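For reference, the chains in residue letters:
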There are 2 protein chains.
Amino acid sequence: MRITSSIEYATRLMIALGREHGKAPVSAERLAESNSVPTDYVSQILVKLRRAGIVKSRRGSAGGYALSRPPAEVTLGQVVRAVDRGVLEDVCGKYDAGAKNCHHQEACAISPVWSRLGAVITEYLESVTVAALLQGDH
Amino acid sequence: MRITSSIEYATRLMIALGREHGKAPVSAERLAESNSVPTDYVSQILVKLRRAGIVKSRRGSAGGYALSRPPAEVTLGQVVRAVDRGVLEDVCGKYDAGAKNCHHQEACAISPVWSRLGAVITEYLESVTVAALLQGDH
DNA sequence: TCATTCTTGACTGAAAATGTCATGTATGCT
DNA sequence: AGCATACATGACATTTTCAGTCAAGAATGA
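Conventions adopted
- Residues numbered from 1 in each chain as written.
- Chains lettered and ligands numbered in written order.
- Predicted model: local features only at pLDDT ≥ 70, side-chain atom pairs only at ≥ 80, totals over all residues.
- Heavy atoms only, no water.
- Helix = DSSP H or I, 4+ residues; strand = E, 2+ residues; numbered from the N terminus.
- Contact = heavy atoms within 4.5 Å.
- Least-squares fit on C-alpha atoms with pLDDT ≥ 70 in both.
- Buried area = accessible area lost by both parts, 1.4 Å probe.
- Salt bridge = Lys/Arg side-chain N within 4 Å of Asp/Glu carboxyl O.
- Polar contact = N/O pair within 3.5 Å; in protein donor to acceptor, adjacent residues only side chain to side chain.
- Nonpolar A, V, L, I, M, F, W, Y, C, P; charged D, E, K, R; others polar.
- Near = heavy atom within 4 Å.
- Buried < 20%, exposed > 50% of the residue type's maximum accessible area, 1.4 Å probe, protein only.
- Pairing = 2+ DSSP bridges.
- Patch = residues over 30% accessible without salt bridge, like charges linked within 9 Å, V, L, I, M, F, W, Y side chains within 5 Å.
- Areas by Shrake-Rupley, 256 points an atom, 1.4 Å probe, with all protein chains shown as cover.
- Lys, Arg positive; Asp, Glu negative; His and termini not counted.
- Charge placed at Lys NZ, Arg CZ, Asp CG, Glu CD.

Some points on the overall build of chain A
- A count of helical and extended segments in chain A gives six helices and two strands.
- Reading chain A from its N terminus to its C terminus gives the helix and strand order α-α-α-β-β-α-α-α.
- In chain A, the proportion of contacts linking residues at least 24 apart, taken out of those at least 6 apart, comes to 65%.

Below, the structure is given as structure tokens:
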């Protein structure tokens, strides 16, 4: 349970793009350089953000990336989900193969706890917007 | 960011040991069988729980493991910390090698967010005790 | 002494994280 | 049209972590 490099990188990129919101798109190369993200790694992260609908891209000269929504409408939760796996990911399913929610016990005591933990994490991440990060509100 | 098998296993073991609190110690083998934890893996998890002071062990025949505190005084946070790495783990330090808290920027906007996320997670995990899991309070 | 059980560390295989690279495709400019 | 720019995609390599196995040793009780 930790913050991966991808999450860190994605967050930096979002802040950088947030600063340029409304202006011309920024190339992947410039984003990589100015945010200390490995040059050839930045594309992979950006494509995930694009597939999640958070950023949009334009090819060709004068192309690059830009936010598809205003910074105030982009949350950290959206960013994290775009580049990272979930918190839960079938933990309880491993308890007994084929079982849903540990049904081999009358009542699984654990499953609801991980669900609530996931909810707690999501709730916090959704409460932080890129706009807030730009303004230092936190 | 996910719940690992070790965390799941450790939690199951704590519940099992919580049920036996006050009675005779339970052997690793029995714990493994009755909780669907791989037999040879259970020792590694138990030793971490012991080093964290959560369980105590006794060797020899009629030996085994037992909680070192009542279930109500053991939190999920203690268990998770015993078997897993932290949430943060120097993420921001990677931003610029040698820099503390992204000091190459006047004010790092990201670092405080991960700190608060860690606090939110810890707060929830600390609020859940083994006793609560035994009673189904959650 | 002997069976039981924990202790420790080494070892292995699989999966995930982290990058790198090469090839292809779209766009704008001249 | 032709060219440089820049994204798109997938393959590949490396490192780290996770998950699990195994074996030799030490302590304990009968």
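Read on, since the account is not over.
Considering the relation of the copies chain A and chain B
- When chain A is fitted to chain B, the residual RMSD is 0.0 Å, and the transformation amounts to a turn of 180° plus an axial shift of 0.0 Å. Seen this way, the second copy is the image of the first under a two-fold rotation axis. Using C-alpha coordinates, one finds that chain A approaches the rotation axis most closely at M1 of chain A, a distance of 2.2 Å.
- The overlap is high: 91% of the interface residues of chain A also sit at the interface in chain B, so the same surface is used on both sides.

Topic: the interface of chain A and chain B
- Contacts between chain A and chain B engage 35 residues on the former and 32 residues on the latter.
- The junction of chain A with chain B conceals about 4000 Å² of combined surface from both sides, 66% of it contributed by carbon and sulfur atoms.
- By the criterion of area lost to chain B, the three top residues of chain A are M1, I3 and Y124 of chain A, representing 21% of everything that side buries.
- Summed over the shared surface of chain A and chain B, the number is zero salt bridges.
- Across the contact surface, chain A and chain B share three residue pairs in polar contact (both at pLDDT 80 or more).
- Breaking the side of chain A that touches chain B down by element, the ones donating at least two residues are α1 (5–19), α4 (76–83) and α5 (111–127) of chain A.
- Per-element tally for the side of chain A that touches chain B: the top contributor is α5 of chain A, with nine residues.
- The class makeup of the residues in the side of chain A that touches chain B is 21 nonpolar, seven polar and seven charged.

A word on the protein's contact with DNA strand D
- Of all residues adjacent to DNA strand D, which total 28 residues, the nearest are A28, R50, S57 and Y65 of chain A together with Q44 of chain B.
- Backbone atoms, meaning sugar and phosphate, make up 75% of the atoms of DNA strand D lying within 4 Å of the protein.
- The side chain of Y65 of chain A places a nitrogen or oxygen atom 2.8 Å from a phosphate oxygen of DNA strand D.
- For DNA strand D, a base oxygen lies 2.3 Å from a polar atom in the side chain of Q44 of chain B.
- For the surface near DNA strand D, the secondary structure elements donating two or more residues are α3 (42–51), β1 (55–58) and β2 (64–67) of chain A together with α1 (5–19) of chain B.
- Of the residues that constitute the surface near DNA strand D, the class distribution is seven nonpolar, 13 polar and eight charged.

Quick notes on unusual backbone geometry
- Despite not being glycine, S36 of chain A has its phi angle at roughly 55°, a positive value.
- Mapped onto the secondary structure, S36 of chain A falls in the loop between α2 (28–34) and α3.
- Since its relative accessible area comes to 38%, S36 of chain A is described here as partly exposed.
- In this structure, A62 of chain B is a non-glycine residue whose phi angle is positive, near 65°.
- One can find A62 of chain B in the loop between β1 (55–58) and β2 (64–67).

Let's talk about the pairing of β2 of chain B
Residue and element names in this part refer to chain B.
- Note that β1 and β2 share four bridges and pair antiparallel. Following the sheet pairing, K56 is matched in β2 by A66.
- What sits between β1 and β2 in their antiparallel hairpin is a turn of five residues, with G60 showing a positive phi close to 80°.

As for the protein's contact with DNA strand C
- Around DNA strand C, the surrounding shell holds 27 residues, and the nearest of these are Y9 and Q44 of chain A together with A28, R50 and S57 of chain B.
- Backbone atoms, meaning sugar plus phosphate, form 74% of the atoms of DNA strand C positioned within 4 Å of the protein.
- Here a base oxygen of DNA strand C sits 3.3 Å away from a polar atom, N or O, in the side chain of R59 of chain A.
- Elements with a minimum of two residues in the surface near DNA strand C: α1 of chain A together with α3 (42–51), β1 and β2 of chain B.
- The greatest single-element share of the surface near DNA strand C, amounting to four residues, is contributed by α3 of chain B.
- Here the surface near DNA strand C is built from residues that sort into seven nonpolar, 12 polar and eight charged.

Some details on a positive patch on the surface
Residue and element names in this part refer to chain A.
- Judged by side-chain charge, K48, R50, R51 and R59 come together as a positively charged surface patch.
- The topology assignment puts R50 in helix α3.
- Since its relative accessible area comes to 36%, R50 is described here as partly exposed.

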